Structure formats: C-alpha cells, structure tokens
Amino acid sequence: MTGLDRIVAKIAEDSKQKTDSIIAEARQTADEIIAEARAEAQKQADKIIAEAKAEADRKIAVAHSAAEAVTRNRYLKVRNAVVNDIISAAYEEITKMDDEAYFDLLFAICVKNIEKNECRMYLNERDLARMPEGFEDRINQTVYETSAVQVSPTPIDIENGF
C-alpha cells in the first residue's frame, strides 16, 4: 500500500469512526428524546386518566344520590299512603263507636295531650248532645294539678271530633 493509499485509508477510517460516532451520538440523542417524549406522554396520559376517574367518581356519586332520593321519595309516598289508610280506618272505627267508648277515647286523648293552664274544648252539636254527664269534671279531676278544661257550650262546625 502506498503512502497515498494509507492516507486515504486513514481518512476513510477516521471518517467512518467520526460517522459512527456522530450516528451513535445521534441515536443516543434520539433515544433520550424518545424517552423524554414517552415520559411526558405517560405523564399526560396519567393526568387524563386521573381526571377521567375523578369525573366518573363524581358522576357515580351524583347517580347514587339521585337513586337514594328516588328511593326515599318512593318510601315516603308509600308511608304516607299507609298513614292515610290507617287514619281513614281509625276515623271509620271512631265514627262507629258507641257513646261510652267514644267519650272514653276522647277523654284519653284530651288527658294525654292537654296543655298546661286553662284549656277550652270545642265539640260539634252531635257530641255536645251525647256528652255524658260529668265528662268535664272527670277530665278536670285527672288534670287538676296542671290544667283546667272547660267544654264550650257552643257547638262548632266540624263533622266529628273536637
């Protein structure tokens, strides 16, 4: 090999080494850029997933709350219907009571719910006419320590009760 061939070979070898070095450096830089891009993409994907999960959790909570409200409203409707049925049945039974049973019930309700001090009980015309003698005294003897009850002699316009 002549001197020129060696110089050309040396230049070719140096060029190849320099090219290989540049290519290796370019590959390393590309790998670093790709790694950074992957890391950034993963970071953004994690953020998007976390936000989507939080939104899904909020929507689930709203749905649960709405379902609970619907259930509660259905329960209240059923409960109100049952209470109304019970009240209607009790009303029917009370209107069918004989005088003694009716005024015993009226007495018990009055004594249980009487307010302190003086109270006035108003009855309809039918109840005033059938009120047992001594009914007012019977109530007052029971509640004399805290209250006094006076049955109004003037009837009020109600269907039944007091």
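This text follows the structure it describes.
Now for a look at the structure at hand. (Residues numbered from 1 in each chain as written. Predicted model: local features only at pLDDT ≥ 70, side-chain atom pairs only at ≥ 80, totals over all residues. Heavy atoms only, no water.)

Some thoughts on the overall build of the protein chain
The condition is simple: Comment: elements are numbered from the N terminus, with helices defined as DSSP H or I runs of at least four residues and strands as E runs of at least two. Atoms counted for the radius of gyration: C-alpha only. Globule rule: 2.2 Å times the number of residues to the power 0.38. For each residue, the accessible area found with a 1.4 Å probe, counting protein chains only, is set against the maximum for its type, and the residue is called buried under 20%, exposed over 50%, and partly exposed in between. Note on contacts: a residue pair qualifies if any of its non-hydrogen atoms lie within 4.5 Å across the two residues. Per-residue and other accessible areas were derived by the Shrake-Rupley procedure at a 1.4 Å probe size, with only the shown protein chains allowed to occlude residues. Note that His is not counted, nor are the chain ends; the positive residues are Lys and Arg, and the negative ones are Asp and Glu. Charged groups are reduced to one reference atom each: NZ for lysine, CZ for arginine, CG for aspartic acid, CD for glutamic acid.
When helices and strands are tallied, the protein chain shows four helices and two strands. Along the protein chain, helices (α) and strands (β) appear in the sequence α-α-β-α-α-β when read from the amino end. At 48 Å, the protein chain has a C-alpha radius of gyration far larger than the 15 Å of a compact globule built from 162 residues. With respect to the principal axes defined by its C-alpha atoms, the protein chain has extents near 150 × 35 × 20 Å. The 162 residues of the protein chain split such that 12% are buried. Of the contacts made within the protein chain by residues no fewer than 6 positions apart, 79% connect residues no fewer than 24 positions apart. In the form shown here, the protein chain has an accessible surface area of approximately 13,000 Å², with 56% of it arising from carbon and sulfur atoms. The protein chain carries 22 positive and 31 negative side-chain charges, and their two centres are separated by 13 Å.

Some points on the nonpolar core
Applicable threshold: Nonpolar cores are built from buried Ala, Val, Leu, Ile, Met, Phe, Trp, Tyr and Cys residues. Side-chain atoms within 4.5 Å join them into one set.
By size, the foremost hydrophobic cluster in this structure holds 12 residues: Tyr102, Phe103, Leu106, Phe107, Cys110, Met121, Leu123, Phe135, Ile139, Val143, Val149 and Val151. Taken together, the elements giving at least two residues each to this core come down to α2 (99-113), α4 (135-143) and β2 (147-151).

Quick look at α4
Filter applied, for reference: This arc is taken over the directions from the axis of the helix to the C-beta atoms.
Of all the residues in α4, the buried ones are Phe135, Ile139, Asn140 and Val143. All buried residues of α4 fall inside an arc of 130° around its axis, so they share one side. Where α4 is buried, its residues meet α2, β1 (117-121) and β2.

Examining the pattern of salt bridges
To be explicit about the condition: Take a side-chain nitrogen of Lys or Arg and a carboxyl oxygen of Asp or Glu: if they are within 4 Å of each other, that pair is a salt bridge.
Considering all chains together, one arrives at seven salt bridges under this definition. Between Arg58 and Glu55 there is a salt bridge, with its nearest N and O atoms 2.8 Å apart. Of this pair, Arg58 and Glu55 both sit in helix α1 (residues 3-96), three residues apart, which is roughly one turn of that helix. Of the charged contacts in the structure, one is a salt bridge between Asp127 and Arg130, with a shortest N-O distance of 3.1 Å. Highlighted residues: Asp127 and Arg130, both in helix α3 (residues 125-130), separated by three residues, approximately one helical turn. Residues Asp127 and Arg130 agree in their burial class; the two are buried.

Considering the packing of α2 against α4
Filter applied, for reference: Every axis in this analysis is a line fitted to C-alpha atoms, fitted for helices over the stretch in contact. Angles between the N-to-C directions lie between 0 and 180 degrees. Handedness of a crossing is defined here by the sense of rotation of the near helix relative to the far one, left-handed for an anticlockwise turn of less than a right angle and right-handed for a clockwise turn. The classification used treats Ala, Val, Leu, Ile, Met, Phe, Trp, Tyr, Cys and Pro as nonpolar, Asp, Glu, Lys and Arg as charged, and all other residues, Gly among them, as polar.
Axis separation between α2 and α4 bottoms out at 10 Å; the angle between their running directions is 35°. Note on packing geometry: the crossing formed by α2 with α4 is right-handed. Contacts between α2 and α4 involve Phe103, Asp104, Leu106, Phe107, Cys110 and Val111 from the first element and Phe135, Arg138, Ile139, Thr142 and Val143 from the second. Its residues assigned to classes, the contact of α2 with α4 comprises eight nonpolar, one polar and two charged.

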